[in-house]
Amino acid sequence: MRHLSVPSHETQRWLTLCRGRGWLAESGVVALNDGQRGLPLSPHAPDETDVVWEGHAHLDVEPTVKGPQRWQDRLPEELRHLPDDLWPSAYELQGDVLMVKVEPAVQPYESAMASAMLEQLPNVRLVCADEGVEGEFRVRQLRLLGSRDGSTSTRTQIKEHGASIWVDPNEVYFSSRLSTQRHQTLETLKAFRQTIGRPLVVADPYAGVGPSLPLLLAADDLLSGFLVGDLNPKAVDLLAENLRGWVRAPSRFSPSSVVCNDALAWKDEAELCGQADVLLVNLPHDSLEHLPDLFPILRRDGFSLVRGWAIVDRTALAEQRQALEASVEAAGGRCADLVFEEVKGFSSTRCFVVFQVTVAWD
Ligand SMILES: C[S@@+](CC[C@H](N)C(=O)[O-])C[C@H]1O[C@@H](n2cnc3c(N)ncnc32)[C@H](O)[C@@H]1O
């Protein structure tokens, strides 16, 4: 079949031109030798001598065969008659682990569904039924439906903002939904670092696997130390492993503590108190209630920054904001600056808010 041979960096330009003029054939782009790409041409495309091709050659190459576009098209013949809307329309990926809600009507066919998904999605290793979150660690209950290579471990690595992060959706909470917030945390801390004129010690007592940290640790001269932890021992194991990957020179950071404890008990450990310039509070159902017990973690000298996330009744927004101000004052501080705003993109009758307080200790 006739293909137009173009340098790979020009593929997009030629695809646009050929598609626009109706000269592309149905099959896909073919990789040729020497970094060239072959674009399949329909019989209507002008022949090789036409000036429109700018001298690029036409080659006779075997066309690529396009596979099915959807995993549903890979289901066994005997299940194809089932209505399309029976099948789940969405799934979530963490690394190479795919998690999908399986309605009771799909359960008899779940293993065929997992095989079709594995066939369609070459980067997926495990397909699991997502049976919802449970317990104080808000960990997902997963049920294995299919494995590409016989492995069953849900431990996997994801990439966020260029950093590799070990996660395990069956053991530890992680969500990519706050990824934009993590970027904003970086920008906020950079500005705060300028305000106080020295690198910061950050405390993240509900750190999970630590997704807030790689951006902060990688920023030039932003952090001088960290105190991080979680109550879930499995999260702390992954957090410690992640930190080994993110912190190239551990001696650069002091303190550099990784704690497995209840955040409410940090106030009872002298070495965890009075050192942090910044406190991150990410326990959205309880952040505001926990806050009074967390103030002892902060260094009471000049200014501190508290940044957290909470789920709040829409009707109680103003009240919660006042309660936040009151808890800062009860701790002996003053709200020099206070942000309390809804995070867009979280749909619920309750709202998900980010709060940020610059506390002055004067
Ligand atoms: C919403 S997750 C946030 C995790 C992480 N910061 C992130 O953004 O992915 C809350 C974390 O707090 C931990 N946790 C729950 N109660 C805790 C407590 N009392 N003290 C410390 N950690 C707690 C959970 O295990 C979970 O990892």
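The present account deals with the structure reproduced in this document.

So, how was this worked out
Residues numbered from 1 in each chain as written. Predicted model: local features only at pLDDT ≥ 70, side-chain atom pairs only at ≥ 80, totals over all residues. Heavy atoms only, no water. Pairing = 2+ DSSP bridges. Helix = DSSP H or I, 4+ residues; strand = E, 2+ residues; numbered from the N terminus. Axes fitted to C-alpha atoms, helices over the stretch in contact; angles between N-to-C directions. Contact = heavy atoms within 4.5 Å. Phe/Tyr/Trp six-rings, centres within 6.5 Å; stacked < 30°, edge-to-face > 60°. Buried < 20%, exposed > 50% of the residue type's maximum accessible area, 1.4 Å probe, protein only. Parallel < 35°, antiparallel > 145°, perpendicular 65-115°, else oblique. Nonpolar A, V, L, I, M, F, W, Y, C, P; charged D, E, K, R; others polar. Lys, Arg positive; Asp, Glu negative; His and termini not counted. Salt bridge = Lys/Arg side-chain N within 4 Å of Asp/Glu carboxyl O. Polar contact = N/O pair within 3.5 Å; in protein donor to acceptor, adjacent residues only side chain to side chain. Right-handed = clockwise from strand over helix to strand, strands pointing away.

## Here we look at the sheet that holds strand β15 (residues 302-313)
Sheet strands associate in pairs through backbone hydrogen bonding, adopting either a parallel or an antiparallel arrangement. If you walk across this open sheet you meet the 7 strands as β13-β12-β11-β14-β15-β17-β16, and the pairing is mixed. Two strands close off the open sheet at either side, each with one partner strand: β13 (256-260) and β16 (334-342). Across this sheet, the average inter-strand angle for adjacent strands is 10 degrees, counted without regard to direction. Of the pairings in the sheet, the one linking strand β12 (residues 223-230) to β13 comprises 5 bridges and is parallel in character. Of the residues in β13, the one forming a bridge with L227 is S257. This element, helix α6 (residues 287-294), spans β14 (278-282), β15, β16 and β17 (350-361) of the sheet and lies at about 145 degrees to β14.

## Remarks on the packing of aromatic side chains
Tallying each qualifying case throughout the model produces 5 aromatic pairs. With 5.3 Å between their ring centres and 55 degrees between their planes, W23 and W53 make a pair best called tilted. Here W23 is found in the loop between α1 (11-20) and β2 (30-31), whereas its partner W53 is found in the loop between β3 (36-40) and β4 (58-60), with 30 residues between them in sequence. Pair check on accessibility: W23 and W53 agree, each one buried. Ring plane angle 55 degrees and centroid distance 5.7 Å describe the contact between F226 and F253, whose orientation is recorded as tilted. Pair noted here: F226 is in strand β12 and F253 is in the loop between α5 (233-246) and β13, with a separation of 27 residues, a long-range link. Under the relative-accessibility criterion, F226 is labelled buried at 4%. With a relative accessible area of 6%, F253 lands in the buried category.

## Description of the packing of α6 against helix α7 (residues 317-330)
Taken N-terminus to C-terminus, the directions of α6 and α7 make an angle of 5 degrees; their axes are 10 Å apart at the nearest point. By the angle class used here, α6 and α7 are roughly parallel. Residues L288, L291 and P292 of α6 form the contact with α7, whose participating residues are Q320, L324 and S327. Classifying every residue of the contact of α6 with α7 gives 4 nonpolar, 2 polar and no charged.

## Here we look at the side chain of D204
Relative to the helices and strands, D204 is located in strand β11 (residues 200-204). Notably, D204 is buried but unbridged: the nearest opposite-charge side chain belongs to R182, and the N-O separation is 8.2 Å. Apart from the residues within four sequence positions on either side, D204 is in contact with S212, L227, V228, G229 and L280.

## A word on the environment of R140
Along the chain, R140 turns up in strand β8 (residues 139-147). When its relative accessible area of 13% is taken as the criterion, R140 is described as buried. Residues R140 and H56, 84 residues apart in the sequence, show an inter-C-alpha distance of 54 Å. If we skip the residues at most four places from it in the chain, R140 touches E92, Q94, M99, D130, G132, V133, P169, N170 and F174. Side-chain polar atoms of R140 contact the side chain of E92, separated by 3.0 Å.

## Observations concerning the pattern of salt bridges
Counting across every chain of the model gives 22 salt bridges. Note that E92 is salt-bridged to R140, the shortest N-O span being 3.0 Å. Here E92 is found in strand β5 (residues 92-94), whereas its partner R140 is found in strand β8, with 48 residues between them in sequence. Overall, the relative accessible area of 31% leaves E92 in the partly exposed class. Its salt-bridge partner being D277, residue R198 comes within 3.0 Å of it at the nearest N-O pair. Linking R198 in the loop between α3 (179-196) and β11 with D277 in the loop between β13 and β14, this pair joins segments that are 79 residues apart in sequence. Through salt bridges that share partners, E92, K101, D130 and R140 make up one connected network.

## Description of the environment of Y206
Along the polypeptide, Y206 turns up in the loop between β11 and α4 (213-218). For Y206, a relative accessible area of 12% corresponds to the buried category. When the C-alpha atoms of Y206 and H9 are compared, they prove to be 45 Å apart, with 197 residues separating the residues in sequence. Leave out the neighbours within four places in its chain, and Y206 touches G229, D230, A263, L280, V281, N282, L283, H290 and L294.

## As for the pairing of β15
As judged from the 5 bridges shared by β14 and β15, these two strands associate in the parallel manner. What sits directly across from L279, in β15, is V306. For the crossover that starts at β14, traverses α6 and ends in the parallel β15, the hand is right-handed. Taken together, the 12 bridges between β15 and β17 define a ladder with antiparallel strand orientation. Its bridge partner being in β17, S304 is matched across the sheet by V359.

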